Amino acid sequence: MKTSFSFARIVAIAGLIALIGGGPAKAATHRAAIAYGNNAAAGKTFVFNGDRFYYETYGRGSPLLLIHGNGESISEFKGQIGDFSRQHQVIAMDSRGQGKSELGTTALTYEEMAEDVNALLEHLRLDHVKVLGQSDGGIIGLLLTIHHPDKVSMLAVMGANLEPDAAYPWAVDGIVRVRNRITAELAHSNDPTPLQLQLKFLDLLGNQPHIPLADLKSIQVPTLVMAADRDVIRDDHTLRIFHAIPKSQLAIFPGATHVIAGQDPARFNRTVLDFFDKPFAMPDTKDLGWYD
């Protein structure tokens, strides 16, 4: 079984929060027959810089690209793809070294993974697509929009961060504990490869990214910045991201966690689709003239 090392899973292993294995039954009942992330009817591959990447497509309409979180795969969006594909052509790719995509031999960085996503869009001959990124996928979505602005028409990010210390201290400490445990196991393991891979993903969480706040000002597309009120990422950091992007909206989910997409897909999906499918607006209370 593949071990997942998203922020949510890290803190679970550290004994800090309960492990969330997926969405509630209401999200899975009518989609259980589709093995998202392992669906031969929807899956294809392409090669970029010598490495093979796996992706799946569903539905028709304006393209909507989904980018999953750390240590996850396309299946992380099992609660979203069915809803989103009713009005969009949904494209989801396993990120480098995760799911069915190859790792390669270079150092694993968010910048490299953003280039992988750009290569997928080049392969599909797509630009100006809507992009939704969850956690690490949000980081990749920010970098994709910064470095390849022609590829993105709208951006939504959930639980993204610009710096490795943007998480609450309890989560940062959890990452350190898990890293120490895996390092100790590695010294006595007869099969080091899986543990070494886990350390690569932990390095992403613990030592990356490093995105200057000023770089967000170059993002000129409508952007939805999302987090939960009980997120892993500090709320002040989420607000910094929101205020730095010129055309941005903010959604903080009450009574929710970093993995609301799995815990409450109906609420999450409604928020995302409202953003993508309704005219973008930035109303301001000061424009109501109350204090003139």
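Residues numbered from 1 in each chain as written. Predicted model: local features only at pLDDT ≥ 70, side-chain atom pairs only at ≥ 80, totals over all residues. Heavy atoms only, no water.

> Is there a simple way to explain the overall build of the chain in this structure?
Along the chain, the regular secondary structure elements total 10 helices and 8 strands. When each of the 292 residues of the chain is scored for burial, the buried share is 51%. Across the chain, the fraction of contacts at a sequence separation of at least 24, relative to all contacts at a separation of at least 6, is 76%. Approximately 13,200 Å² of the chain is accessible, and the part contributed by carbon and sulfur atoms is 55%. (Helix = DSSP H or I, 4+ residues; strand = E, 2+ residues; numbered from the N terminus. Buried < 20%, exposed > 50% of the residue type's maximum accessible area, 1.4 Å probe, protein only. Contact = heavy atoms within 4.5 Å. Areas by Shrake-Rupley, 256 points an atom, 1.4 Å probe, with all protein chains shown as cover.)

> What's the story with the nonpolar core in this structure? I'm lost.
Soluble globular proteins tend to pack their nonpolar side chains together in the buried interior. Formed by 46 residues in total, the largest nonpolar core has its most connected members in Leu-65, Tyr-110, Val-131, Leu-142 and Leu-216. Considering every element that reaches this core, the biggest residue donor is helix α4 (residues 110-124), with 7 residues. Among residues more than four places away in sequence, those in contact with Leu-142 are Leu-155, Val-157, Ala-160, Leu-162, Leu-216, Ile-219 and Ile-245. Grouped together as the second largest cluster of nonpolar side chains are 29 residues, Leu-66, Phe-84, Ala-156 and Phe-253 included. (Core = buried A, V, L, I, M, F, W, Y, C linked by side-chain atoms within 4.5 Å.)

> Help me out: how do you make sense of a nonpolar patch on the surface in this one?
A cluster of nonpolar side chains, namely Leu-239, Leu-250 and Ile-252, defines an oily patch on the protein surface of about 220 Å² accessible area. Here Leu-250 is to be found in strand β8 (residues 248-257). Under the relative-accessibility criterion, Leu-250 is labelled partly exposed at 33%. (Patch = residues over 30% accessible without salt bridge, like charges linked within 9 Å, V, L, I, M, F, W, Y side chains within 5 Å. Salt bridge = Lys/Arg side-chain N within 4 Å of Asp/Glu carboxyl O.)

> What is the right way to read the sheet that holds strand β7 (residues 223-230) from this model?
Through backbone hydrogen bonds, the strands of a sheet pair up, either in parallel or in antiparallel fashion. Reading across the sheet, the 8 strands line up as β1-β2-β4-β3-β5-β6-β7-β8 and stay open at both edges, with mixed pairing between neighbours. Each edge of the open sheet is held by one strand with a lone partner, namely β1 (43-48) and β8. With direction set aside, neighbouring strand axes in the sheet form an average angle of 20°. Where strand β6 (residues 152-158) and β7 come together, 4 bridges link them in parallel fashion. Across the sheet, Val-157 pairs through a bridge with Val-225, a residue of β7. Contacts from α4 reach β1, β2 (51-58), β3 (62-67), β4 (88-93) and β5 (129-134), with the element oriented near 110° to β1. Relative to the sheet, helix α8 (residues 235-244) contacts β7 and β8, its axis offset from that of β8 by approximately 160°. (Pairing = 2+ DSSP bridges. Axes fitted to C-alpha atoms, helices over the stretch in contact; angles between N-to-C directions.)

> What is the right way to read the packing of helix α6 (residues 169-186) against helix α7 (residues 192-207) from this model?
Packed helix pairs are specified by the crossing angle of their axes together with the interaxial distance, meaning the distance between the axes. Remark: α6 packs on α7, axes separated minimally by 10 Å, with the N-to-C direction vectors making an angle of 160°. Relative to α7, the element α6 is oriented roughly antiparallel. Here α6 and α7 pass one another in a crossing that is left-handed. The residues of α7 that touch α6, namely those facing Ile-175, Val-178, Arg-179, Ile-182, Thr-183, Glu-185 and Leu-186, are Pro-192, Leu-195, Gln-196, Gln-198, Leu-199, Leu-202, Leu-205, Gly-206 and Asn-207. Here the contact of α6 with α7 is built from residues that sort into 9 nonpolar, 5 polar and 2 charged. (Parallel < 35°, antiparallel > 145°, perpendicular 65-115°, else oblique. Left-handed = near helix turned anticlockwise from the far one by under 90°. Nonpolar A, V, L, I, M, F, W, Y, C, P; charged D, E, K, R; others polar.)

> Even after reading the chapter, I still don't get the side chain of His-237, so can you show me in this structure?
Here His-237 shows up in helix α8. The contacts of His-237, once residues within four sequence positions are left out, are Ala-160, Asn-161, Leu-162, Glu-163 and Ala-166.

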